[in-house]
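If you want the building blocks of each chain, they are given just below.
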Amino acid sequence: MGRDGRSASAGDDRRPAVDIYTDGACRGNPGPGGWAAVLLFGEHRRELSGGESHTTNQRMELTAAIESLKALKRPCRVRMHSDSAYVVNAFRLGWVRRWQANGWRTAAGKPVDNQDLWLQLLDVLRSHQVEWVKVAGHSGDPWNERADQLARAAIPGEQGQLGES
C-alpha cells in the first residue's frame, strides 16, 4: 500500500477479502467519544470498539479505521465502509496526497487537523489493499447501523445510552 492509501498491487487476489464497517460518535464535539468497527470475513464477524473522554467525531472516525486495520492478522483486500466523508474523501479525492505534497498543510495553508492519526492510518494501510466505500449514515445498512450502535455505546459515561453521531 502506498502512503496515499492506494494499493501497489491492486491485482493480488490471493489476499483474504474483508469488509469493514466503521463509525465514530461524539457527545459534544469536542467531548466524550466512541469508535467502532465491524469486520466481516466469510461467515466470521468481529466487533471492536473503544472510547475517549475528550475527543472529536473526526478523531473517532479515524481511530475506527486505524484500529480495524490493526486487528487484521495478515495483509488483506479490504472494502472499508464508512459514513464519514472526511475519511473516505481524503483517499478517494486525493486529499491525503495533496496534504503530503504540501507538507501537511491544507490548500488554504493551514495545518491539517488530526495529522497524528492520518500518519497512523497511512502506516497501517501499507500492508493492505483498501477500497474506500462511502455509505449513507442512518440509511438502514445493517452493518453501518451496528457500527454506529457500538460507537455510541463506547462513549465514556454513556452506559448504553445513545449519543450524537
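Computed from a prediction, not measured in an experiment: that's the story for all the values here. All residue numbers refer to positions counted from 1 along the written sequence of the respective chain. pLDDT decides what is reported in this predicted model: residues at 70 or higher carry local features, side-chain atom pairs at 80 or more are listed and counted, and totals for whole chains, interfaces and linings draw on all residues regardless. Hydrogen atoms and water are omitted, and side-chain values are computed over all heavy atoms in the structure.

Quick look at the environment of Y21
Spelled out, the test is: Only runs of H or I of at least four residues qualify as helices and only runs of E of at least two qualify as strands under DSSP, and these elements are numbered from the N terminus. Exposure classes here rest on a 1.4 Å probe applied to the protein chains alone. A residue is buried below 20% of its type maximum, exposed above 50%, and partly exposed in between. By definition in these notes, contact holds between two residues if any of their heavy atoms fall within 4.5 Å.
Turning to its location among the elements, Y21 is positioned in strand β1 (residues 17-26). Overall, Y21 belongs to the buried group, its relative accessible area being 10%. Those residues in contact with Y21, other than ones at most four positions away along the chain, are A36, A37, V38, L40, H81, D141, W143, N144 and A147.

Notes on the sheet that holds strand β5 (residues 129-134)
Stated precisely, the cut-off is as follows: When DSSP finds two or more bridges between two strands, those strands count as paired. What counts as an axis is a line fitted to C-alpha atoms, over the stretch in contact for a helix, and the angles between N-to-C directions run from 0 to 180 degrees.
Spatially, the five strands line up as an open sheet ordered β3-β2-β1-β4-β5, and their pairing is mixed. What marks the edges here is a single partner per strand, and that holds for β3 (44-55) and β5. Adjacent strand axes in the sheet meet at a mean angle of 20°, parallel and antiparallel pairs treated alike. The pairing of β1 with strand β4 (residues 77-82) spans six bridges and is parallel. By the bridge assignment for β4, D19 is matched with R79. Against the sheet, helix α1 (residues 57-70) engages β1, β2 (31-41), β3, β4 and β5, with an angle of about 155° to β1.

Some details on the pairing of β1
Burial runs high along β1: eight of the ten residues are buried. Relative to β2, β1 runs antiparallel, the two sharing eight bridges. Paired with Y21 across the strands is V38, a residue of β2. The hairpin turn running from β1 into β2, its antiparallel successor, is four residues long, and G28 in that turn takes a positive phi close to 85°.

Some remarks on the confidence of the model for the chain
Low-pLDDT stretches of the model should not have their predicted coordinates read in fine detail. Convention followed: Per residue, pLDDT measures the predictor's confidence, with a range of 0 to 100.
Mean pLDDT over the chain: 89, with 87% of residues reaching 70 or higher. Confidence over residues 160-165 falls short of pLDDT 50; this stretch has 14 contacts with residues more than four positions distant or in other chains.

Details of the packing of α1 against helix α4 (residues 115-125)
The angle between the axes and the distance between the axes are what describe a pair of packed helices. Using the following cut-off: An angle below 35 degrees is read as roughly parallel, one above 145 as roughly antiparallel, one from 65 to 115 as roughly perpendicular, and any other as oblique. By definition, turning the near helix anticlockwise from the far helix through less than a right angle yields a left-handed crossing, and turning it clockwise yields a right-handed one. Residues are grouped as follows: nonpolar covers Ala, Val, Leu, Ile, Met, Phe, Trp, Tyr, Cys and Pro; charged covers Asp, Glu, Lys and Arg; every other residue, Gly included, is treated as polar.
Where α1 meets α4, the axes come as close as 9 Å, and the angle between the chain directions of the two elements is 25°. Considering their axes alone, α1 and α4 lie roughly parallel with respect to each other. Two packed elements cross with a definite hand, and for α1 against α4 that hand is left-handed. Note on element contacts: α4 touches α1 through D116, L117, W118, Q120, L121, V124 and L125, opposite R59, L62, T63, A65, I66, L69 and K70. Each residue belonging to the contact of α1 with α4 can be placed in one class, and the counts come to nine nonpolar, two polar and three charged.

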